[in-house]
Protein chains: 2
Amino acid sequence: MAVEATAMSPSEWEVMRVVWSTRDPATPNIVKTVQQKRDWSESTIKTWLGRLVKKGLLTTKRVSHSYVYTPTIAEVPAMKQTAGELFDHLCAMKKGTVIADLVTNTELSRRDIEQLQQILAAKLPTAPESIPCNCMGEGACAHD
Amino acid sequence: MAVEATAMSPSEWEVMRVVWSTRDPATPNIVKTVQQKRDWSESTIKTWLGRLVKKGLLTTKRVSHSYVYTPTIAEVPAMKQTAGELFDHLCAMKKGTVIADLVTNTELSRRDIEQLQQILAAKLPTAPESIPCNCMGEGACAHD
DNA sequence: TGGTTTCGTCTACATTTGTCAACTTAATCT
DNA sequence: AGATTAAGTTGACAAATGTAGACGAAACCA
């Protein structure tokens, strides 16, 4: 079930985001678009594209004399996985607080909110009274 | 307002987590505790402790002939910040979906759920119909 | 057809991350 | 006091990340 190594560095995310969202995923346009956000040289962006291909996150197809890139992973699954990995190394006891913070600070559509409410309502009946800390050690992580 | 560079690598998180949760934050015990989870040599762990001190995330105080470490940042704020940074580079339009995924896959206590419900209920009235994609480019990110 | 622009490929280099082993020094035990 | 431990201190090194310039070939314009 493990999707194994999606791990992207911040720079790689930046590039992937453009590839995911552009309608013209060819080198020239990707370079131009990335540069609208980051002050990177053309070379740098090409380096990342190359590394992403090597990592298997992008595929190329030659079109005339330039390349067109295609992601091998869709954006949402990649985001879910990354977020999940981040949460994996957080103390279980405190995940709720972090999610609450995220929810508070993220712009959500009515639709998003309603869906969240539904998920929560479904979880509530079987929710435990408390989540134990899963940090190693003497369990001194006993705040609340 | 920027808290500037909390950025920790996965390994650093592992070490910080122990320092945050242990009741005996002295080198010997930290080393022992980290080793309960990761198969790292004593040297390796000491290296990370040193780097964390250099980065300003830990402070040391000599106690007899060993060191006692104190975090300069609390765990929850650090987690919130890291989670926030991750979300910053996700397409705004899709954050809701990722949060939904997180909520689905995270164990939450009754209390956590109730708090989330409250936050959501408060947001709903003023929630927009939809969140526009904030990726750069021609806005081709028009899925839904 | 030769010059200019546009791409791609290769090479390079400083930093950070991940991992240690060796050496030194202070504490302890007998 | 001498031997043995238990810390800390240094130095190293490979891989990943962040950045980019140089060079070569194909495409395009005059």
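Residues numbered from 1 in each chain as written. Chains lettered and ligands numbered in written order. Predicted model: local features only at pLDDT ≥ 70, side-chain atom pairs only at ≥ 80, totals over all residues.

J.: Just to check I follow, could you spell out the interface of chain B and chain A for this structure?
T.: For interface size, the figure often reported is the accessible area lost on association. Listed as interface residues are 62 residues of chain B and, on the opposing side, 62 residues of chain A. Those elements that provide at least two residues to the side of chain B that touches chain A are helix H1 (10-21), helix H2 (27-37), helix H4 (75-88), helix H5 (95-105) and helix H6 (110-123) of chain B. In terms of residues, the side of chain B that touches chain A owes the most to one element, H5(B), which gives 11 residues. Taken together, the residues of the side of chain B that touches chain A sort by class into 30 nonpolar, 17 polar and 15 charged. (Contact = placed C-beta atoms within 7 Å. Helix = DSSP H or I, 4+ residues; strand = E, 2+ residues; numbered from the N terminus. Nonpolar A, V, L, I, M, F, W, Y, C, P; charged D, E, K, R; others polar.)

J.: Even after reading the chapter, I still don't get the protein's contact with DNA strand D, so can you show me in this structure?
T.: Lining the immediate environment of DNA strand D, one finds 20 residues, of which A:Ser9, A:Ser11, A:Ser43, B:Thr27 and B:Pro28 sit closest. Elements represented by at least two residues in the surface near DNA strand D include exactly helix H1 (10-21) and helix H3 (42-54) of chain A together with H2, helix H3 (42-54) and strand E2 (66-71) of chain B. For the surface near DNA strand D, the leading source of residues is H3(A), giving four residues. Across the surface near DNA strand D, the residue classes break down as five nonpolar, 13 polar and two charged. (Near = placed C-beta within 6 Å.)

J.: Looking at this structure, I do not really get the environment of A:Ile45. What am I missing?
T.: Turning to its location among the elements, A:Ile45 is positioned in helix H3. Spatially, the C-alpha atom of A:Ile45 lies 31 Å from that of A:Asn105, the residues being 60 residues apart in sequence.

J.: Any chance you could explain the protein's contact with DNA strand C here in plain terms?
T.: In the vicinity of DNA strand C, 18 residues are found, and the nearest of them are A:Thr27, A:Ser66, B:Ser9, B:Ser11 and B:Ser43. Sorting the residues of the surface near DNA strand C by element identifies helix H2 (27-37), H3 and strand E2 (66-71) of chain A together with H1 and H3 of chain B as the ones contributing at least two each. Take the surface near DNA strand C: its biggest share by element is four residues, from H3(B). In terms of residue class, the surface near DNA strand C is made up of five nonpolar, 11 polar and two charged.

J.: Please clarify how the nonpolar core should be interpreted in this entry.
T.: When a protein is soluble and globular, its nonpolar side chains tend to lie buried together. Core analysis: the largest hydrophobic core is formed by 30 residues, its most contacted members being A:Ile99 and B:Ile99. Taken together, the elements giving at least two residues each to this core come down to helix H4 (75-88), helix H5 (95-105) and helix H6 (110-123) of chain A together with H4, H5 and H6 of chain B. (Core = buried A, V, L, I, M, F, W, Y, C linked by C-beta atoms within 7 Å. Buried ≥ 20, exposed ≤ 12 C-beta atoms within 10 Å, placed from the backbone.)

J.: I tried to follow the relation of the copies chain B and chain A on my own but got confused; where do I start?
T.: Relating one copy of the chain to the other takes a rotation about an axis and a shift parallel to that axis. Each copy of the sequence occupies a distinct position, and chain B is placed on chain A by a rotation of 180° and an axial shift of 0.0 Å, giving an RMSD of 0.1 Å. Such a combination of rotation and displacement between the chain copies is what one expects of a two-fold axis. Using C-alpha coordinates, one finds that chain B approaches the rotation axis most closely at B:Gln117, a distance of 3.2 Å. An overlap of 100% is found between the interface residues of chain B and their copies at the interface of chain A, pointing to a shared contact surface. (Least-squares fit on C-alpha atoms with pLDDT ≥ 70 in both.)

J.: What's the story with H2(A) in this structure? I'm lost.
T.: Since the α-helix turns once every 3.6 residues, residues separated by three or four places project in the same direction. Residue and element names in this part refer to chain A. Those residues of H2 that fall on the buried side of the exposure criterion are Ile30, Thr33 and Val34. Each buried residue of H2 sits inside an arc of 100° when the element is viewed along its axis, so together they form one side. Away from its buried face, by an angle of more than 90 degrees, H2 presents the exposed residues Pro28 and Gln36. Residues of H2 that are buried make contact with H1, H3 and E2. (Arc of directions from axis to C-beta.)

J.: Looking at this structure, I do not really get the domain arrangement of chain A. What am I missing?
T.: For chain A, the assigned domains read domain 1 (10-71) and domain 2 (90-126). Measuring from the centre of the C-alpha atoms in domain 1 of chain A to the corresponding centre in domain 2 of chain A gives 33 Å. (Domains from an automatic or database assignment.)

J.: Would you mind showing me how to read the environment of B:His89 here?
T.: Locating B:His89 in the fold gives a position in the loop between H4 and H5. Taking the C-alpha atoms as reference points, B:His89 and B:Asn134, separated by 45 residues in sequence, lie 9.8 Å from one another. With residues near it in sequence (within four places) discarded, B:His89 still touches A:Pro10, A:Trp13, A:Glu14 and A:Arg17.

J.: What is the right way to read the pairing of E2(A) from this model?
T.: Every other side chain in a regular strand lies on the same face of the sheet, so the side chains alternate between the two faces. Residues and elements named next belong to chain A. Note that strand E1 (residues 58-63) and E2 share six bridges and pair antiparallel. Across the sheet, the residue bridging to arginine 62 is tyrosine 67, located in E2. Counting the residues in the hairpin turn of E1 and E2 gives two residues, including serine 64, whose phi is positive at 55°. (Pairing = 2+ DSSP bridges.)

J.: Is there a simple way to think about the packing of H1(A) against H2(A) in this case?
T.: Two packed helices can be described by the angle between their axes and the distance between those axes. Residue and element names in this part refer to chain A. Packing of H1 against H2 brings their axes to within 10 Å, and their N-to-C directions diverge by 125°. Viewed along their axes, H1 and H2 adopt a mutual orientation that is oblique. The handedness of the crossing between H1 and H2 comes out as right-handed. Facing H1, whose interface residues are Glu14, Val15, Val18 and Val19, H2 presents Ile30, Thr33, Val34 and Lys37. Partitioning the contact of H1 with H2 into residue classes produces five nonpolar, one polar and two charged. (Axes fitted to C-alpha atoms, helices over the stretch in contact; angles between N-to-C directions. Parallel < 35°, antiparallel > 145°, perpendicular 65-115°, else oblique. Left-handed = near helix turned anticlockwise from the far one by under 90°.)

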